[in-house]
Amino acid sequence: MEEYKTKKGLGVHARKTIAYIVLALITFFCLIWFYILFINATRSHGELTRGFTPIPSTFLIQNWTNLIHGTLPVVKGMLNSIFVSVCSAALSVYFSTLTAYAIHAYDFKAKKFMATFILAVMMIPTQVTALGFLQLIGKMKMDDTFTPLIIPAVAAPITYYYMKQYMESTLPLAIIEAARIDGSGEFRAFNSIVLPMMKPAIAVQAIFTFVSSWNNYFTPALVLHTDTKKTLPILIAQLRSADFLKFDMGQVYVMIAFSIFPVIVVYLLLSKFIVGGVALGGVKG
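In this text the structure is predicted, and so the values were computed from the model without any measurement. (Residues numbered from 1 in each chain as written. Predicted model: local features only at pLDDT ≥ 70, side-chain atom pairs only at ≥ 80, totals over all residues. Heavy atoms only, no water.)

This next bit is on the overall build of the protein. Counting its regular elements, the protein contains 14 helices and zero strands. When the helices and strands of the protein are placed in sequence order, the string is α-α-α-α-α-α-α-α-α-α-α-α-α-α. Classification of the 285 residues of the protein by burial places 34% in the buried group. When contacts within the protein are restricted to residue pairs at least 6 apart in sequence, long-range pairs at least 24 apart make up 72% of them. Carbon and sulfur atoms provide 71% of the accessible area of the protein, an area that totals close to 17600 Å². (Helix = DSSP H or I, 4+ residues; strand = E, 2+ residues; numbered from the N terminus. Buried < 20%, exposed > 50% of the residue type's maximum accessible area, 1.4 Å probe, protein only. Contact = heavy atoms within 4.5 Å. Areas by Shrake-Rupley, 256 points an atom, 1.4 Å probe, with all protein chains shown as cover.)

So this is what it looks like as structure tokens:
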């Protein structure tokens, strides 16, 4: 019996060791690209053409100065991206949760059809509807504005699906019924009861939606034409496509690093809700 326990203990220890090694390798491969990016941001164009070196250089301030005082409105692009991404994330998360709540908490004839239809919309690529979308915003006089980039975030089938699945496992209908019996209105019950219970899912989807909107190049490139209204992905593409005499790889790396920073900040701000949600789920389990 003692020999069996010893072998079992060694087996568990070996599995833990292998798991930690695998996690360490995955972490390394995930973070090494950030290290390379920030190292390259400290190097000049001439140094970058000679190949990679793991040692930082001294051209970070110069690259940043050249970028800021260049022809592209980088700071304005950053503010534009922040505004569009924050508004898109807020609208997407709130209204997707509201839609999931309606499908989850109410019984009506078209319930199954609506749920299926919303998921079917998810199968339509953005590129297929791009031409009609451009014609629509042209007729509505919304071309070269942020509105066409923000308002469509209200209808986010992927976010709805995630919220619906999370709601089915964490939101008992008895709580909603008790709130109704106590005289609470539907919107009050949703805002005061449902949203706080959905914080972990909201944090996850807020991060995903923010990053998706932040990295979006296709739609903003079609809609925005004025340099002062363009978002960072468009400005990065313009910087990379500069002619040979003006092209500076150091500035490109600095701008990419500059564009990643807000995403890291958003993740750090919302990560505590994700960890809290996982811990809460473990206690319930």
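Looking now at the side chain of Asp-248. Secondary-structure assignment places Asp-248 in the loop between helix 13 (232-240) and helix 14 (249-284). Put simply, Asp-248 is tucked away with no salt bridge, and the nearest opposite charge, on Arg-43, sits 11 Å away. A polar contact of 3.0 Å, which involves the side chain of Asp-248, links it to the backbone nitrogen of Gly-250. (Lys, Arg positive; Asp, Glu negative; His and termini not counted. Salt bridge = Lys/Arg side-chain N within 4 Å of Asp/Glu carboxyl O. Polar contact = N/O pair within 3.5 Å; in protein donor to acceptor, adjacent residues only side chain to side chain.)

Turning our attention to helix 8 (residues 157-170). Spanning 14 residues, helix 8 covers 20 Å between terminal C-alpha atoms, matching the ideal 20 Å at 1.5 Å per step. Those residues of helix 8 that are buried are in contact with helix 4 (74-105), helix 5 (111-121), helix 10 (186-197) and helix 11 (199-215). (Expected span 1.5 Å × (residues − 1).)

Oppositely charged side chains can pair when the atoms bearing their charge come close. Considering all chains together, one arrives at five salt bridges under this definition. Residues Lys-164 and Glu-168 are paired through a salt bridge, measuring 2.3 Å at the closest nitrogen-oxygen approach. Residue Lys-164 and its partner Glu-168 are located together in helix 8, separated by four residues, close to a single helical turn. A relative accessible area of 44% places Glu-168 in the partly exposed class. A network of salt bridges, in which partner residues are shared, links Glu-177, Arg-180 and Glu-186.

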